[in-house]
Structures are given as C-alpha cells and as structure tokens.
Amino acid sequence: YIHKHIISEVSEDFLALNQILNCLSTIIYGYIWNKTDKIFKYCSFLCVFECLITIGTTLFCIFTKNIVVYYIMDTMAFALITRNFICAGAKLKAMRYRTEKEREHFDNNNCSVSAAATIIGASIAMILNLNFETMLCLATLGNAIDNFIYVFIYEKEKKKEELRWKELITQNITKAKENV
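The following refers to the structure shown.

So, about the overall build of the protein. Per the secondary structure count, the protein includes six helices and zero strands. Reading the helices (α) and strands (β) of the protein from amino to carboxyl end gives α-α-α-α-α-α. Compactness check: the protein gives a C-alpha radius of gyration of 20 Å against a globular reference of 16 Å for 180 residues, more than 25% above the reference. Summarising its shape, the C-alpha atoms of the protein cover approximately 75 × 35 × 30 Å along the three principal directions. Each of the 180 residues in the protein was classed as buried or not, and the buried ones make up 27%. Within the protein, counting contacts between residues at least 6 apart in sequence, those at least 24 apart form 81% of the total. Positive and negative side-chain charges in the protein, numbering 20 and 18 respectively, have mean positions lying 8 Å apart.

Under the definition given, this model contains ten salt bridges. The partner of Glu133 in a salt bridge is Lys65, and the shortest N-O contact between them spans 3.4 Å. Here the residue Glu133 occupies a position in helix H6 (residues 132-179), and Lys65 occupies one in the loop between helix H3 (43-64) and helix H4 (67-96), the gap between them amounting to 68 residues. What makes Glu133 partly exposed here is its relative accessible area of 22%. A salt bridge links Glu161 to Arg164, with the shortest nitrogen-to-oxygen separation between them at 3.1 Å. Here Arg164 and Glu161 lie together in helix H6, a separation of three residues that amounts to about one turn. Residues participating in the shared-partner salt-bridge network are Arg96, Glu157 and Lys160.

Position of Ser44 among the secondary structure elements: in helix H3. Those residues in contact with Ser44 that lie beyond four places of it in its chain are Val151, Tyr154 and Glu155.

Across soluble globular proteins, nonpolar side chains have a tendency to be buried as a group. Trp33, Phe40, Cys43, Phe85, Ala88, Leu92 and Tyr154 are the most contacted members of the largest nonpolar core, which has 14 residues in total. For this core, the elements supplying multiple residues, two or more each, are helix H2 (12-35), H3, H4 and H6. Among the elements that take part in this core, H4 stands out by supplying five residues, more than any other. Excluding residues within four positions of it along the chain, Ala88 makes contact with Trp33, Phe40 and Cys43. Grouped together as the second largest cluster of nonpolar side chains are eleven residues, Ile6, Cys61, Ala125 and Phe132 included.

The next point concerns the environment of Ile145. Position of Ile145 relative to the elements: it lies in helix H6. Judged by its relative accessible area of 47%, Ile145 falls in the partly exposed class. For Ile145 and Glu102, which are 43 residues apart along the polypeptide, the C-alpha to C-alpha distance reads 24 Å.

Compared with the 42 Å implied by 1.5 Å per residue over 29 residues, the 42 Å span of helix H5 (residues 100-128) between its first and last C-alpha is a close match. Where H5 terminates, the next one or two residues include Asn129, which has phi positive at roughly 50 degrees.

Examined against the element boundaries, Cys87 turns out to sit in helix H4. Residue class for Cys87 comes out buried when judged on its relative accessible area of 12%. Along the chain, Cys87 and Leu24 lie 63 residues apart, while their C-alpha atoms are 14 Å from each other. Apart from residues no more than four positions distant in its own chain, Cys87 is found in contact with Tyr29, Gly30 and Trp33.

Cut-offs applied
- Residues numbered from 1 in each chain as written.
- Predicted model: local features only at pLDDT ≥ 70, side-chain atom pairs only at ≥ 80, totals over all residues.
- Heavy atoms only, no water.
- Helix = DSSP H or I, 4+ residues; strand = E, 2+ residues; numbered from the N terminus.
- Rg over C-alpha atoms; globule rule 2.2 N^0.38 Å.
- Buried < 20%, exposed > 50% of the residue type's maximum accessible area, 1.4 Å probe, protein only.
- Contact = heavy atoms within 4.5 Å.
- Lys, Arg positive; Asp, Glu negative; His and termini not counted.
- Charge placed at Lys NZ, Arg CZ, Asp CG, Glu CD.
- Salt bridge = Lys/Arg side-chain N within 4 Å of Asp/Glu carboxyl O.
- Core = buried A, V, L, I, M, F, W, Y, C linked by side-chain atoms within 4.5 Å.
- Expected span 1.5 Å × (residues − 1).

Below is the structure:
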C-alpha cells in the first residue's frame, strides 16, 4: 500500500535512479565489507542512525505531503545507511550461526517471519483502510523495533565474541606456561 502511493507520485526516472543507486551501493558496500571488518564495530550506531533518518524522512513526508522528495531522501538513506547495515547483518548472522545448517534454518525462519509480518500488515491495511500517513508511521515503527532488536543481538553477540577471545587467550597462556 505504501509503495502504491509512492509509485503513483514518483516519475519513472526517479524509480530508475532508485534502482541504480541501490545496485551501486550493493556493489560498493559488498566490496568494502568483503575487504574489512572494521565497520562492524559501528553496527549499533548504524541501526540507531538508520532509525533516526527513517523517522525524520517519515515526519518530513507527513508534514510536507511531498512524496517525491520523501522517496529521494529514502533512496539516499537506503543507499548510504541501510545497505551498509545489511552487510553488518550478514556478518552478524555468520557470527551467531556458526554452521551452514544453522544459517539455513535462520534464513528459512527469517523468510517465514517476514512473510507473516507482510501478511499481517497488508491485512490490517485492507481491513482498516488506513491512510498513507498512518501506514508510513506503522512501517517506521516496525523498522525501529526491528533495528533495536538488531542492536540487542549485536551487543549480545559482541559480548560472546569477547568472552571467546578471552578464553582463547587464557588457554594459550596456560599452554605456554605448561611448556615452560
């Protein structure tokens, strides 16, 4: 429903530009994330920043009623922030699910939960006949909840990783002392 409103207002050129920018950001961030893990330490910041930008673009759209500028701002936010965060999510998944089978189960469950959420959202929109602004607010709220869950998981996994490193260092020190 949100996309229907946006597509009815946005020109074909802006739709094409959206596709180009998002594909370029996928290529660029994929390359960068394959080269370095240094950005990962900013995962919580990326989540919160994306949330704030999303709230800002939503409020802008509601107050100005300018869907075209909203779409441009949303495209830029996705290309610069969200795509970067998606790469962080891939790393987080690799940390959290160590085996291929665990990652497969996660991916299948994630697809099922996403589909169920979409069904619920579309059903609510059909039944309640919500206006664009209300749907946009609900989508923004859902995005914020999703991001804060990611922050929670990231922080939890970061602590686990730190404990694993401490245990590994302690084991190596113990072995070194035994060999002396």
